[in-house]
Each structure stands twice: as C-alpha cells, then as structure tokens.
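# Secondary and tertiary structure notes
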Amino acid sequence: ADGAIVVSGAQNSTSTSAAIVTIARLNADGTLDDAFGTDGLAHLFTGGNPTRAAQVIIQPDGAILACGTASPAANERDSYLCRVTSDGLADASFGVNGELIFGEVNLYRETPCMALQPDGKVIVGGIDAGGGVVNTLLLRYGTDMSTSISEPSKTDGIIIRSTRPEG
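Residues numbered from 1 in each chain as written. Predicted model: local features only at pLDDT ≥ 70, side-chain atom pairs only at ≥ 80, totals over all residues. Heavy atoms only, no water.

### Examining the packing of aromatic side chains
Following the criterion strictly, the structure yields one aromatic pair and no others. Judged by centre distance (6.0 Å) and plane angle (50 degrees), the ring pair of F45 and Y80 falls under tilted. In this pair, F45 is assigned in strand β3 (residues 41–47) and Y80 in strand β6 (residues 76–84), connecting sequence segments 35 residues apart. According to the relative accessible area criterion, Y80 is buried, its value standing at 0%. (Phe/Tyr/Trp six-rings, centres within 6.5 Å; stacked < 30°, edge-to-face > 60°. Helix = DSSP H or I, 4+ residues; strand = E, 2+ residues; numbered from the N terminus. Buried < 20%, exposed > 50% of the residue type's maximum accessible area, 1.4 Å probe, protein only.)

### Topic: the state of the cysteines
Tallied over the full model, the rule gives zero disulfides. Distance from the sulfur of C67, which forms no disulfide, to the nearest cysteine sulfur (C113) is 6.6 Å. With a relative accessible area of 42%, C113 lands in the partly exposed category. (Disulfide = S-S within 2.5 Å.)

### A closer look at unusual backbone geometry
In the segment running from N49 into P50, the intervening peptide bond is cis, with an omega of 15 degrees. Topologically, P50 is positioned in the loop between β3 and β4 (52–58). Not every positive phi belongs to a glycine, and N97 is a case in point at roughly 55 degrees. Its place among the elements puts N97 in the loop between β6 and β7 (99–102).

### A closer look at the sheet that holds β3
Ordered in space as β1-β2-β3, the three strands form an open sheet in which the pairing is antiparallel. The sheet is open, and its two borders are formed by β1 (5–12) and β3, each paired with just one other strand. Averaged over all neighbouring strand pairs, the angle between strand axes comes to 20 degrees, with direction disregarded. Across eight bridges, β1 lies against strand β2 (residues 19–26) in antiparallel orientation. Paired with Q11 across the two strands is I20, which belongs to β2. (Pairing = 2+ DSSP bridges. Axes fitted to C-alpha atoms, helices over the stretch in contact; angles between N-to-C directions.)

### So, the nonpolar core
Inside soluble globular proteins, nonpolar side chains tend to come together where they are buried. With 14 residues, the main nonpolar core has I23, L44, Y80 and V84 as its most contacted residues. When contributions to this core are tallied by element, the ones reaching two or more residues are β2, β3, β5 (64–73) and β6. Ignoring anything within four residues of it in the chain, the contact list for I23 reads V6, V7, S8, F36, G40, L41, A42, L44, I64, A66, C82 and V84. (Core = buried A, V, L, I, M, F, W, Y, C linked by side-chain atoms within 4.5 Å. Contact = heavy atoms within 4.5 Å.)

### What to know about the confidence of the model for the protein chain
Parts of the prediction with low pLDDT should not have their coordinates interpreted in detail. Summing up the model confidence of the protein chain, the mean pLDDT is 82 and the portion of residues at 70 or higher is 83%. With pLDDT under 50 throughout, residues 146–151 is counted as low confidence; its partners more than four residues away or in other chains account for 20 contacts. Contacts of residues 162–167 to residues separated by more than four positions or lying in other chains number 18 contacts, the stretch itself having pLDDT below 50. (pLDDT = per-residue confidence, 0-100.)

Here it is as structure tokens:
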C-alpha cells in the first residue's frame, strides 16, 4: 500500500559456499528500506545451494511469507516456508525461529509457489522426487502453522499433504 517492493531469493556467502535465504524490501524509488531487517535485508536459513526463497506474499497484518528450498546437506533439498514481521525480523511465533522446513535426506522437495487462502491457510506447491520418480507436491498449512503434516496420498503422480488441526 505504501509503494514498497518486496523481493526474495538467496545471497551467497563470500566466505563459504553457503547460500542464505534473503528477503529485501525496497522503497518506491528502488533503494533499500533501512527500516526493514538489517539495512533493508532479512537473512534467514543458511544452507548449501540451491537454498533460496522463490516467492513472497504479504499477509493482511503486514507480515511477509516466503517459500522455496532449504538445502541443509548436500544430499537434501527440502520444502521451505518462512515468515518475517513487517519490520523484517524472523517471526518467532511461526514454526521454529520463523521457519518451517519439510524434507528428509535423499529426497528432493522444492516448493517455489504458494497461495494464501481467504481463511489464512497457506498452500505451497512444487515437486517431491526420490527413487527416480517425480511427483507434484502440495502442502497445506493451518492457520497456527504448528500442525503436523499427514502421510501422503498418492494419486496419478500427485502427492497431496495436508495438516491436521491439533486437539
């Protein structure tokens, strides 16, 4: 609403081969917004390449969601979702230190797309690959973001995972 521009991606470390999930907020004139994060940048998960955030959504409360890929180990690529406050700080009330990572060793999960439902639930989409098979992956997170992910149902190359409300 104020003309600011929010972008996401990765910043490569100059001292290591690590990639850092980065969200930047720019003023309407294209300069970094110094009131956001540290000098206009929010830095989150650090891992190997291809760690990155691919899409951002600004929620009605001004918080920013970003989704993409976290690569904590050479043989692991995981679905990644994070939330930062409107000030560019990791939202401690979201997941673990503002991040939700879903994956496991020797599987390739990447979720570069997301949508925010009218009821506040978040859907992230991408791929789930392992053992030579590539499937579509959809994850649906409840409004509390702390629910567990159910076992997958596989139908015609599509894996749909959803969350179950706690309690």
